[in-house]
Amino acid sequence: NMPVDLNGYWKMISNDNFEEYLKALDVNVAIRKIATLLKPDKDIVHDGDHIIIKTLSTFKNYNMDFYVGKEFEEDLSGVDDRKCMTTITWEGDKLVCVQKGEIEGRGWTHWVEGDELHLELRAAGAVSKQVFKKT
């Protein structure tokens, strides 16, 4: 049962409160300044329960390859050099990620509205909202 089709190439159109999210992850100020200027794309391959989300930018690429409902160790060295025990599940038509580790309340939610892909990023009470448009 696949509530939503995430397949496609998505280009960022907005990025709100991202620096606060990075601050909550203790990302140093130099990296934060670079990261907040980037407009990464999302390249998503969605095949049943197997999903690959590639976050592509001129600075760094981050590749997330997972099966829905299966916990795995996620190495976030591309982000803040931590490791998390990560589980991603469908909640209705939203794809919800929980990243268990030293940062409280860490995770994200992806959902689709029309030709837009929404992403809410959460860490230690900080919430960042990103929107991508299908190309």
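Residues numbered from 1 in each chain as written. Predicted model: local features only at pLDDT ≥ 70, side-chain atom pairs only at ≥ 80, totals over all residues. Heavy atoms only, no water.

Draft legend 1. Looking closely at the overall build of the chain. Secondary structure summary: the chain contains 2 helices and 10 strands in total. Going residue by residue from the N terminus, the α and β elements of the chain occur as β-α-α-β-β-β-β-β-β-β-β-β. Counting only C-alpha atoms, the chain reaches 40 × 30 × 25 Å along its principal axes. Relative to its full complement of 135 residues, the chain shows a buried share of 42%. Counting contacts in the chain only where the partners sit at least 6 residues apart, residues at least 24 apart contribute 41% of the total. When the accessible area of the chain is evaluated, it comes to approximately 7100 Å², of which 50% is carbon and sulfur surface. Taking the 18 positively charged and 24 negatively charged side chains of the chain as two groups, their mean positions are separated by 4 Å. (Helix = DSSP H or I, 4+ residues; strand = E, 2+ residues; numbered from the N terminus. Buried < 20%, exposed > 50% of the residue type's maximum accessible area, 1.4 Å probe, protein only. Contact = heavy atoms within 4.5 Å. Areas by Shrake-Rupley, 256 points an atom, 1.4 Å probe, with all protein chains shown as cover. Lys, Arg positive; Asp, Glu negative; His and termini not counted. Charge placed at Lys NZ, Arg CZ, Asp CG, Glu CD.)

Draft legend 2. Structural view of the nonpolar core. Leu6, Ile51, Met64, Phe66, Ile88, Leu95 and Trp108 are the most contacted members of the largest nonpolar core, which has 33 residues in total. Broken down by secondary-structure element, the contributors of at least two residues to this core are β1 (8–16), α1 (18–24), β3 (50–56), β4 (62–67), β6 (83–91), β7 (94–100), β9 (116–123) and β10 (126–134). Setting aside anything within four residues of it in sequence, one finds Leu95 in contact with Leu6, Ile51, Phe66, Val68, Ile88, Thr89, Trp90, Trp108, Thr109 and His110. (Core = buried A, V, L, I, M, F, W, Y, C linked by side-chain atoms within 4.5 Å.)

Draft legend 3. Structural view of the side chain of His110. By the element assignment, His110 lies in strand β8 (residues 107–113). His110 gets classed as buried once you look at its relative accessible area, which sits at 2%. Polar side-chain contacts of His110 include one of 3.1 Å to the backbone oxygen of His118. (Polar contact = N/O pair within 3.5 Å; in protein donor to acceptor, adjacent residues only side chain to side chain.)

Draft legend 4. Local environment of the sheet that holds β8. Pairing is antiparallel across the open sheet formed by 10 strands, whose spatial order is β4-β3-β2-β1-β10-β9-β8-β7-β6-β5. Either end of the sheet is taken by a strand with one partner, and the two such strands are β4 and β5 (72–75). Across the sheet, the axes of successive neighbouring strands diverge by a mean angle of 25°, strand direction being ignored. (Pairing = 2+ DSSP bridges. Axes fitted to C-alpha atoms, helices over the stretch in contact; angles between N-to-C directions.)

Draft legend 5. Quick peek at the UniProt feature "domain: Cytosolic fatty-acid binding proteins" (unreviewed entry) in the chain. The feature "domain: Cytosolic fatty-acid binding proteins" (unreviewed entry), as annotated in UniProt, sits at residues 8–25 in this numbering. Taken end to end, residues 8–25 is 39% helix and 50% strand, and its first and last C-alpha atoms sit 29 Å apart. (UniProt positions renumbered as here; feature names shortened; annotations may be inferred.)

Draft legend 6. Here's a closer look at the environment of Ser57. Relative to the assigned elements, Ser57 resides in the loop between β3 and β4. Taking the C-alpha atoms as reference points, Ser57 and Asp41, separated by 16 residues in sequence, lie 6.6 Å from one another. From its side chain, Ser57 meets the backbone oxygen of Lys60 in a polar contact 2.7 Å long.

Draft legend 7. Representation of the pattern of salt bridges. Scanning the entire structure with this criterion turns up 13 salt bridges. With a shortest N-O distance of 3.2 Å, Glu71 and Lys100 are connected by a salt bridge. Taken as a pair, Glu71 in the loop between β4 and β5 and Lys100 in strand β7 lie far apart in primary sequence, 29 residues in all. Assessed through its relative accessible area of 43%, Glu71 is described here as partly exposed. As a salt-bridge pair, Lys83 and Asp75 come within 3.9 Å of each other at their nearest N and O atoms. A residue is classified by how much of its surface remains accessible, and Asp75, at 38% relative accessible area, is partly exposed. Each of Asp26, Asp80, Arg82, Glu102 and Arg106 takes part in a single network of salt bridges with overlapping partners. (Salt bridge = Lys/Arg side-chain N within 4 Å of Asp/Glu carboxyl O.)

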